[in-house]
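Residue-level listing of the chains:
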Amino acid sequence: MKIRHALLSSALALAVLAGPAAQAKDWKTVTITLEGAYAPWNLTNSDGTLGGFEPELAKVLCERAKVDCKLVASDWDGMIPALNAGKFDVIMDALSITDERKQVIDFTVPYAATPAAFATAKDSPLVNAAGTGATIKMTPGQTGVKEIDALKAAFKGKTIGIQAATVYAKFIYDNFGDVATIREYKTGADRDLDLQNGRIDLGFDDAVYFQTAFDAANGALAFTGPQIAGPIWGVGEGLGVRKSDTDLRDMFSAAIKSALADGTVKNLSMKWFKTDVSPQE
């Protein structure tokens, strides 16, 4: 979601070198970072506190893991290097669990799994592209998908906006880089503003994120083309931790499994997304 974020880059490779040496810790206080600008996953309230699905879920997980947690906001594109540099202990920012990221950090079990989708202006000629309203499943590196080929033809020569350093960015470069202009943004909100004002033709991001963005745009934006789900986004979104902190990973994995089993994740996702984002077996 962000379902969402980055391929292995040189910045991530440097993050490995920056990682602190493994050491046993007595976990009493844990610092969790979120972007604070990816509603409804996480957002910054008017009083400066962090709210949204993930901050509320973090409160539950920390209680069940029996640790005190501090939530801090940080820039998305620097989170993994900063984690390995010891600036905080956990990333919770719709962080997709991918093989590329597993090379530099570790993950808990997933607490969510969501599809991705294209968005465009509601009055755009690109609205209601082939497959709109449907969902297709893809695997990493999959080619020859008829629905994607149809979108490539429809979006040829257009400008697609993506948030930098996300799994969605990699997907767009891999599948549309030869037919469309790709514009990167630091935040999804910056991209959405350009989309709403006609400075780009399309956006691509987590589908449940876009639902909230559509509300913020007062109906000026809409989905186009099929939603894209499946292993192409990894097994879902999980908490990112340093490879040395296996005990912290296991503590939070147990808490996530508990919150999934008793319906807590479902209830929070219905509150914030109006749909159940719990990972499916």
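This section reports on the structure supplied with the text. (Residues numbered from 1 in each chain as written. Predicted model: local features only at pLDDT ≥ 70, side-chain atom pairs only at ≥ 80, totals over all residues. Heavy atoms only, no water.)

## Points about the overall build of the protein chain
Phase 1: Scanning the protein chain from terminus to terminus reveals 10 helices and 14 strands.
Phase 2: For 281 residues, the compact-globule estimate of 2.2 N^0.38 gives 19 Å, and the C-alpha radius of gyration of the protein chain, at 18 Å, lies within 12% of that figure.
Phase 3: Viewed in the frame of its principal axes, the protein chain has a C-alpha envelope of about 55 × 40 × 35 Å.
Phase 4: The buried share among the 281 residues of the protein chain stands at 52%.
Phase 5: Accessible area for the protein chain stands at about 12200 Å²; split by element, carbon and sulfur atoms hold 51% of it. (Helix = DSSP H or I, 4+ residues; strand = E, 2+ residues; numbered from the N terminus. Rg over C-alpha atoms; globule rule 2.2 N^0.38 Å. Buried < 20%, exposed > 50% of the residue type's maximum accessible area, 1.4 Å probe, protein only. Areas by Shrake-Rupley, 256 points an atom, 1.4 Å probe, with all protein chains shown as cover.)

## What to know about the sheet that holds strand S13 (residues 221-229)
Adjacent strands of a sheet form backbone hydrogen bonds with each other and so pair up, either parallel or antiparallel.
Phase 1: Reading across from one edge, S9-S13-S8-S12-S10-S11 is the order of the six strands in this open sheet, with mixed pairing throughout. Looking at which strands have only one partner, the edges of the open sheet turn out to be strand S9 (135-137) and strand S11 (181-185). Adjacent strand axes in the sheet meet at a mean angle of 30 degrees, parallel and antiparallel pairs treated alike.
Phase 2: Relative to S13, strand S8 (residues 116-121) runs antiparallel, the two sharing five bridges. Across the sheet, the residue bridging to Ala116 is Ile228, located in S13.
Phase 3: Relative to the sheet, helix H8 (residues 207-216) contacts S8, strand S12 (202-206) and S13, its axis offset from that of S12 by approximately 120 degrees. (Pairing = 2+ DSSP bridges. Axes fitted to C-alpha atoms, helices over the stretch in contact; angles between N-to-C directions. Contact = heavy atoms within 4.5 Å.)

## Some remarks on H8
Phase 1: For H8, every residue scored as buried is listed here: Ala207, Val208, Tyr209, Phe210, Ala213 and Phe214.
Phase 2: On its buried face, H8 is in contact with strand S2 (37-38), S8, helix H7 (188-196), S12, S13 and helix H10 (264-273).
Phase 3: Phi turns positive one or two residues past the end of H8, at Asn218, with a value near 55 degrees.

## Re the packing of helix H5 (residues 146-154) against helix H6 (residues 167-176)
Phase 1: Between H5 and H6, whose axes approach to 11 Å, the crossing angle comes to 75 degrees. Looking at the two axes, H5 sits roughly perpendicular to H6. Here Ile148, Leu151 and Lys152 of H5 lie close against H6, whose contacting residues are Phe171, Asn175 and Phe176.
Phase 2: Along the lines of polarity and charge, the residues of the contact of H5 with H6 split into four nonpolar, one polar and one charged. (Parallel < 35°, antiparallel > 145°, perpendicular 65-115°, else oblique. Nonpolar A, V, L, I, M, F, W, Y, C, P; charged D, E, K, R; others polar.)

## Topic: the sheet that holds strand S4 (residues 50-51)
Phase 1: Read from one edge of the open sheet, three strands run S2-S3-S4, paired in antiparallel fashion. Of all strands in the sheet, those bounded by a partner on one side alone are S2 and S4.
Phase 2: Alignment of strand S3 (residues 42-44) against S4, held across two bridges, turns out to be antiparallel. The residue of S4 that forms the bridge with Leu43 is Gly51.

## With respect to the packing of aromatic side chains
Phase 1: For the structure shown, the criterion picks out 19 aromatic pairs.
Phase 2: A centroid spacing of 4.5 Å and a plane angle of 5 degrees characterise the contact between Tyr38 and Tyr209, whose relative ring orientation is stacked. Of the two residues, Tyr38 is situated in strand S2 and Tyr209 in helix H8; the sequence distance between them amounts to 171 residues.
Phase 3: For Tyr38, a relative accessible area of 0% puts it in the buried group.
Phase 4: Residue classification places Tyr209 among the buried residues on the basis of a relative accessible area of 5%.
Phase 5: With a centroid separation of 4.9 Å and an interplanar angle of 55 degrees, the aromatic rings of Trp41 and Phe273 are classed as tilted. Residue Trp41 is located in the loop between S2 and S3, and its partner Phe273 is located in helix H10; the two are separated by 232 residues in the primary sequence. Note on accessibility: Trp41 and Phe273 belong to one class, buried.
Phase 6: Each member of the aromatic cluster is reached from another via a ring pair, and the members are Phe118, Phe155, Tyr168, Phe171, Phe176, Phe204 and Trp233. (Phe/Tyr/Trp six-rings, centres within 6.5 Å; stacked < 30°, edge-to-face > 60°.)

## Observations regarding the side chain of Arg242
Phase 1: Along the polypeptide, Arg242 turns up in the loop between strand S14 (240-241) and helix H9 (246-261).
Phase 2: Engagement of the side chain of Arg242 in a polar contact is seen with the backbone oxygen of Phe88, the distance being 2.6 Å. (Polar contact = N/O pair within 3.5 Å; in protein donor to acceptor, adjacent residues only side chain to side chain.)

## Things to note about the nonpolar core
Phase 1: In terms of nonpolar packing, the biggest core is built from 70 residues, with Trp41, Phe171, Phe176, Phe204 and Phe252 touching the most fellow members.
Phase 2: Once you skip the residues sitting within four places of it in the chain, Phe204 turns out to touch Ala116, Ala117, Phe118, Gly161, Ile162, Tyr168, Phe171, Ile172, Arg191, Phe210, Ile228 and Trp233.
Phase 3: Judged by nonpolar contacts, the second largest core, of 12 residues, contains Trp76, Ala82, Ile91 and Val104. (Core = buried A, V, L, I, M, F, W, Y, C linked by side-chain atoms within 4.5 Å.)

## Here's the deal with the pairing of S11
Phase 1: Looking at chain direction, strand S10 (residues 159-163) and S11 are connected through five bridges and run parallel. Along S11, the bridge assignment pairs Ile162 with Glu184.
Phase 2: Of the crossover connections in this fold, the one passing from S10 over H6 to the parallel S11 is right-handed. (Right-handed = clockwise from strand over helix to strand, strands pointing away.)

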